[in-house]
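# Examining the three-dimensional arrangement
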Amino acid sequence: MTTSPEGSIKAGLEVHRQLDTKQKLFCACPTSLAELEPERRFLRRLRPTQSELGQVDRAALFEFSRGKSIDYEYDHQTACLVECDEEPPGNLCKEAIEVCLTAAILFNARPVDEIHVMRKIVIDGSNTTGFQRTCVIAMNGAMEIDGKTIPIDQISLEEDAARKTTQTRDVTGYRTDRLGIPLIEVTTAPVLQTPTEVEKVALAIGNILKTTLKVKRGLGSVRQDLNISIPNGAIVEIKGVQKLELLAKAVKLEADRQGTLLEVREELKKRGVGPNDLIRNYVELTDLFNETKARVVKDALSHNGVVLCAKLPKFAGLVGKELVPGLRFGTEISSYAIFSAGVGGIFHSDELPGYGITQLEVEKTKTNLNLGPTDAFVLVADEYGRAKEALDAVIDRAVDAISTVPEETRNALPDGTSKFIRPRPSAARMYPETDVPPTTVTDELLHFLASNLPEKPEVTISRLLEKYSLNQKLAKQLLDSDYLQLFETIVASSPNVQPSFVATFLTETSKSLEREGVPVDVVSDEQIHDMFKFVNDGVIAKETLPELLKWQTKNPQGTMMEAIKSLGLRMLSERELDDIIERHVSKNKKLVQEKGTASFASIMGSVMAEVRGSADPKLVTKRVKARLSEDYHSG
Ligand SMILES: [Zn+2]
């Protein structure tokens, strides 16, 4: 594995963020997700025409040709006939346009005179129409990060896709609630040079968008796409990085992946492999596997499948080479075969014996293919035509390995790694949306927005320092988090709670809970607000908040009263507290008699050990002091 030197990376960033507008982009439905079970389902089968598609995801086409269908789940509170594609879209949501134009002004971009809605082909079923609607709002902006100018190429407004809920062999399920929620998309030029810089720019873009107070928070509300290349590498798109913290890792891993592919290329050159050595002369070894224990192969053979093998001369050891931890070159080769032929069973010699394929079967395969010690093979079990097509793709990918890193589109995975989805499309496949008239951007509107710009991040910071006496670090953390608005709401309605405590809870505490695996994102603003109301009213101690938050993630619909009951949380009354203090004082009678008020620390310590979480430490201090001085005076 190589580590690409810092600065040799060229990366561009696309930040997508859901807008928190009152309605969706093309209809009056709300922009919140469904909480109830769907009322109705409808099945669709998408039939894209070849002319619309250009270079398509052939794997997706195979799914359709296999009779795969899409099951849409619908309820009338979160969707209407527009989402079902049974009624044409309405005009663009004005509020969404205004948020995007405000962002355009903040990024010093030039707004378009007229907003034209375009259709972008999408055939995975995530849009009921078979395309996604998108429009350019502004171009040629820029922002400053650490003294460097980062060009903002484009700001667009798009409709979000439906939300995938289920995936079985034959049916993919989507919920229509998310379909049509406005998304703003901010695209930088490919000028970012290090993983850290990518993360910084993404954070800064996010912070500027947040100043509009019109973006959503929580998992799924932010998605970042990357394009990355290294010298002699290729432009690779990584789609859908959900967490900001994963961006730097994703960039580094992709640069490393390309670096290792270049190493594979060098090694193949050294071994003297040329494109003409890779021959499309496949050998059928179905008989050899008639008695196999390998489940995937057995399955294929029982469905009229064959076992077809291709030789990869002098590729031994390289097919199994790790490009980055957890991703082998062989997996990449297989992905290409799966993409172009939709095959299920594909294996390479560096991973065999394995998957039920025995050492003996491997030896026999090698003999039949006439393999030398440095040669590798790929084996496919599927219907003949498909198996052949899969091996053609394997040979194509192997030929590429000798000369280049292929341009491709990959999906970001939750651990920062990525997975091949398709070769990189040459150009966006777009055509005009005739159902939505263009929207003129008037000078009056632009002037109005320019004179009503939101508070700048640096102004927000000084306000946080002054108004709430937060320290610089906490103020910055709050600004970088998604909780600034919630913080101000809570502080305004909870005068008994220290602002710095609220800020710490919303930033450091929630981050550390997240690191423990608590899905903090699923708890709504209203629920967190409620928790603080109960703390403010003295019903529960602020120390119990982490426990409450955990409980809420497991009981998303649960109320505060249910939480308090189920966790056994309740504040002690002053009398109950006094009783406990009395017990501790009499247990330490001697100490109290000898030392009087000087025994405070030790009594306080033992009382707190018992009542932590069910009494306010300030109140405990007051009552313990009162009790001790009482003894002192009477003694
Ligand atoms: Zn609707």
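See the structure shown above.
Residues numbered from 1 in each chain as written. Predicted model: local features only at pLDDT ≥ 70, side-chain atom pairs only at ≥ 80, totals over all residues. Heavy atoms only, no water.

## What to know about the overall build of the protein chain
Check the secondary structure of the protein chain and you find 21 helices and 23 strands. Seen through its principal axes, the protein chain has C-alpha atoms that stretch 105 × 70 × 55 Å. Considering the protein chain as a whole, with its 635 residues, one finds that 50% of them fall into the buried category. Of all intrachain contacts in the protein chain linking residues separated by at least 6 positions in sequence, the fraction that spans at least 24 positions is 74%. Carbon and sulfur atoms make up 51% of the accessible area of the protein chain, which amounts to about 30100 Å² in all. Taken together, the 81 basic and 92 acidic charged side chains of the protein chain have centroids lying 4 Å from each other. (Helix = DSSP H or I, 4+ residues; strand = E, 2+ residues; numbered from the N terminus. Buried < 20%, exposed > 50% of the residue type's maximum accessible area, 1.4 Å probe, protein only. Contact = heavy atoms within 4.5 Å. Areas by Shrake-Rupley, 256 points an atom, 1.4 Å probe, with all protein chains shown as cover. Lys, Arg positive; Asp, Glu negative; His and termini not counted. Charge placed at Lys NZ, Arg CZ, Asp CG, Glu CD.)

## A closer look at the environment of isoleucine 123
Tracing the sequence through the fold places isoleucine 123 in the loop between β6 (118–121) and β7 (131–145). What makes isoleucine 123 buried here is its relative accessible area of 12%. Through-space distance from the C-alpha of isoleucine 123 to that of leucine 247 is 27 Å; in sequence the pair is 124 residues apart.

## Brief notes about the sheet that holds strand β10 (residues 171–175)
Here four strands make up an open sheet; going across it, the order is β2-β3-β10-β9 and the pairing mixed. Each edge of the open sheet carries a strand with a single partner, namely β2 (40–44) and β9 (163–167). On average, each strand axis in the sheet is inclined to that of its neighbour by 25°, with strand direction left out of account. (Pairing = 2+ DSSP bridges. Axes fitted to C-alpha atoms, helices over the stretch in contact; angles between N-to-C directions.)

## Quick notes on the coordination of the zinc ion
Around the zinc ion, the protein contributes the donor atoms Cys27 (SG), Cys29 (SG), Cys80 (SG), Glu83 (OE) and Glu83 (OE), which lie 2.2 to 2.5 Å from the metal centre. All donors of the zinc ion come from a single chain, and their spacing in sequence reads C-x1-C-x50-C-x2-E. Residue cysteine 27 is found in the loop between β1 (10–18) and β2, and its partner glutamate 83 is found in the loop between β3 (69–74) and α3 (94–106); the two are separated by 56 residues along the sequence. You'll find cysteine 27 and glutamate 83 in the same group, each marked buried. (Donors = N, O, S within 2.8 Å, 3.2 Å for Na, K, Ca; no water.)

## Focus on the sheet that holds strand β14 (residues 283–284)
Neighbouring strands of a sheet are bound in pairs by backbone hydrogen bonds; such pairs are parallel or else antiparallel. Pairing is antiparallel across the open sheet formed by four strands, whose spatial order is β14-β15-β19-β18. Each edge of the open sheet is held by one strand with a lone partner, namely β14 and β18 (345–348). Where β18 meets strand β19 (residues 376–382), four bridges bridge the pair, whose relative direction is antiparallel. Looking across to β19, one finds that isoleucine 346 is bridged to valine 380.

## What to know about the nonpolar core
Core analysis: the largest hydrophobic core is formed by 97 residues, its most contacted members being Leu13, Phe107, Leu157, Ile205, Leu226, Leu312 and Phe315. Apart from residues no more than four positions distant in its own chain, leucine 157 is found in contact with Leu19, Leu25, Leu92, Ala96, Ile97, Cys100, Arg133, Thr134, Cys135, Ile137, Pro182 and Leu183. In terms of nonpolar packing, the next biggest core, distinct from the first, is built from 37 residues, Leu478, Val491, Leu548 and Leu569 among them. (Core = buried A, V, L, I, M, F, W, Y, C linked by side-chain atoms within 4.5 Å.)

## Concerning the pairing of strand β11 (residues 182–188)
Counting buried positions along β11 yields seven of seven residues, so the element is predominantly enclosed. Residue alternation in β11 divides its side chains into two sets, Pro182, Ile184, Val186 and Thr188 and Leu183, Glu185 and Thr187, and both sets are buried. Examined bridge by bridge, strand β8 (residues 148–159) and β11 share seven bridges and lie antiparallel to one another. Each residue of the ladder has a partner; that of leucine 157, found in β11, is isoleucine 184.

## Quick notes on the pattern of salt bridges
If you walk through the whole model with that rule in mind, you get 49 salt bridges. A salt bridge links arginine 217 to aspartate 525, with the nearest nitrogen and oxygen atoms 2.6 Å apart. Of the two residues, arginine 217 sits in the loop between α4 (195–211) and β12 (222–229) while aspartate 525 sits in helix α15 (residues 525–536), which places them 308 residues apart along the sequence. With relative accessibility at 18%, the residue arginine 217 sits in the buried group. Of the charged contacts, one joins glutamate 455 and arginine 463 as a salt bridge, the two residues approaching to 2.8 Å between their closest N and O atoms. Using a relative accessible area of 24% as the deciding quantity, one classes arginine 463 as partly exposed. If you follow the salt bridges from partner to partner, you end up with Arg119, Arg133, Glu159, Glu433 and Asp435 in one network. (Salt bridge = Lys/Arg side-chain N within 4 Å of Asp/Glu carboxyl O.)

## Side note on the packing of α15 against helix α16 (residues 545–554)
Interaxial distance between α15 and α16 falls to 11 Å at its minimum, and their mutual angle equals 145°. Of the two possible hands of crossing, α15 and α16 adopt the one that is right-handed. Of α16, the residues touching α15 (which contributes Gln527, Ile528, Met531, Phe532 and Val535) are Leu545, Leu548, Leu549 and Gln552. (Left-handed = near helix turned anticlockwise from the far one by under 90°.)

## Some words on the packing of helix α11 (residues 457–468) against helix α13 (residues 484–493)
Remark: α11 packs on α13, axes separated minimally by 13 Å, with the N-to-C direction vectors making an angle of 20°. What the angle tells us is that α11 and α13 run roughly parallel. When the axes of α11 and α13 are compared, the crossing they make is left-handed. Counted together, Thr460, Arg463, Leu464, Lys467 and Tyr468 of α11 and Leu484, Phe487, Glu488 and Val491 of α13 form the full contact between these two elements. (Parallel < 35°, antiparallel > 145°, perpendicular 65-115°, else oblique.)

## Some words on unusual backbone geometry
For the bond from leucine 352 to proline 353, the omega torsion is 0°, close enough to zero to count as cis. Relative to the assigned elements, proline 353 resides in the loop between β18 and α8 (359–369). Positive phi, close to 65°, is recorded for lysine 314, a residue that is not glycine. Examined against the element boundaries, lysine 314 turns out to sit in the loop between β15 (306–312) and β16 (322–324).

## Describing empty space enclosed by the protein
On inspection of all chains with the given rule, the structure shows three cavities of 30 Å³ or more. By volume, the largest cavity amounts to about 100 Å³. As for the largest cavity, its lining consists of 13 residues, and the residues nearest its centre are Val82, Glu83, Arg133, Glu159 and Leu179. When its residues are assigned to classes, the lining of the largest cavity shows five nonpolar, four polar and four charged. (1 Å grid on protein atoms, 1.4 Å probe; cavity = no way out; pocket = protein on both sides within 12 Å on 5 of 7 lines; lining within 4 Å. Points joined across faces, edges and corners; volume = space filled by probe spheres on them. Nonpolar A, V, L, I, M, F, W, Y, C, P; charged D, E, K, R; others polar.)

## Description of the packing of aromatic side chains
Evaluated as defined, the whole model comprises eight aromatic pairs. Seen in terms of ring centroids, phenylalanine 339 and phenylalanine 420 are 5.9 Å apart; in terms of plane orientation they differ by 90°. Their pairing is edge-to-face. Of this pair, phenylalanine 339 sits in helix α7 (residues 329–341) while phenylalanine 420 sits in strand β21 (residues 418–423); the two residues are 81 residues apart in sequence, bridging distant segments of the chain. A relative accessible area of 6% places phenylalanine 420 in the buried class. When the ring of tyrosine 468 is compared with that of phenylalanine 487, the centres are 5.0 Å apart and the planes differ by 80°; the resulting orientation is edge-to-face. (Phe/Tyr/Trp six-rings, centres within 6.5 Å; stacked < 30°, edge-to-face > 60°.)

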